[in-house]
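Survey of secondary and tertiary structure
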Amino acid sequence: MKYEPVIGLEIHAELSTRSKMFCSSVNDPEEMRPNTNICPVCIGHPGTLPVANIEAIKKVIQVGLALGGKIPEKSQFDRKNYFYPDLPKGYQISQYEHPLVEGGIITLSSGKSIRITRVHLEEDTGSLLHDKDGNTLVDFNRAGVPLMELVTEPDLRSAADARETAEELQLIFQYVGASGARMERG
């Protein structure tokens, strides 16, 4: 029996913005001191009001235009409720029904077109740190960092196509200044 791979990608990229997605806390992925770049908004204190980062929105729109996507007149953020120990609010602000970018295309060197389903914004979670004694610590510096999520259609048929698509996207993200797209960092 011969199997045919059918691959669609979901790619997250940290956006290169001065502040986090819904607050004015510094967006510094290089910060090594835990829980330094946090505020009541990004760690979910009651009564705080998130305000969308316009710089992040513009960067996602730039990526969408570079991919030939449609920028709809209406976009909406949604609340996804779930528990992660490093998700201080108990929910993530994301987009689903009304993303910032709909559609688009990436053309591979073979001439094959990979369709983009959507590009949207969401906020990242914090991170868990495991020490040598078996303790798990939480660092909220990443909580609220703006993430761009790009979803393709299942148009890829090989690992080589998937790799080339990711590399092409990395170049586009870097070229338009949306993200450093440092895939080696995970």
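All of these numbers come straight from a predicted model, not from anything done at the bench.

**Some details on helix α1 (residues 54-66)**
Taking 1.5 Å as the rise per residue, α1 with 13 residues should run 18 Å; its terminal C-alpha atoms sit 18 Å apart, in good agreement. Taken residue by residue, α1 has A56, I57, K59, V60, V63 and G64 as its buried positions. Summarising the axial view, the buried residues of α1 lie within an arc of 160°, below the 170-degree limit, and thus occupy one face. Residues of α1 that are exposed and angled more than 90 degrees away from the buried face: I54, K58 and L65. Along its buried surface, α1 packs onto β4 (101-102), β6 (113-123), β9 (146-152) and α2 (159-175). Backbone nitrogen of E55 and a side-chain oxygen of the N-cap are separated by 2.9 Å at the start of α1; the cap is N53. Downstream of α1 by one or two residues, G68 has phi in the positive range, about 75°.

**Comments concerning the nonpolar core**
Side chains that are nonpolar tend, in soluble globular proteins, to be buried together. Core analysis: the largest hydrophobic core is formed by 29 residues, its most contacted members being V60, L67, V119, L121, M148 and F173. Of all the secondary-structure elements, those providing two or more residues to this core are β1 (10-14), α1, β3 (91-94), β6, β9 and α2. Ranked by size, the runner-up nonpolar core spans seven residues in total, among them C23, C42, I43 and A143.

**Section: the environment of I116**
Looking at the element boundaries, I116 is found in strand β6. Judged by relative accessible area, which is 4%, I116 ranks as buried. Setting aside residues up to four positions removed in sequence, I116 forms contacts with L67, G103, G104, I105, I106, L150, V151 and T152.

Calculation rules
- Residues numbered from 1 in each chain as written.
- Predicted model: local features only at pLDDT ≥ 70, side-chain atom pairs only at ≥ 80, totals over all residues.
- Heavy atoms only, no water.
- Helix = DSSP H or I, 4+ residues; strand = E, 2+ residues; numbered from the N terminus.
- Expected span 1.5 Å × (residues − 1).
- Buried < 20%, exposed > 50% of the residue type's maximum accessible area, 1.4 Å probe, protein only.
- Arc of directions from axis to C-beta.
- Contact = heavy atoms within 4.5 Å.
- Polar contact = N/O pair within 3.5 Å; in protein donor to acceptor, adjacent residues only side chain to side chain.
- Core = buried A, V, L, I, M, F, W, Y, C linked by side-chain atoms within 4.5 Å.

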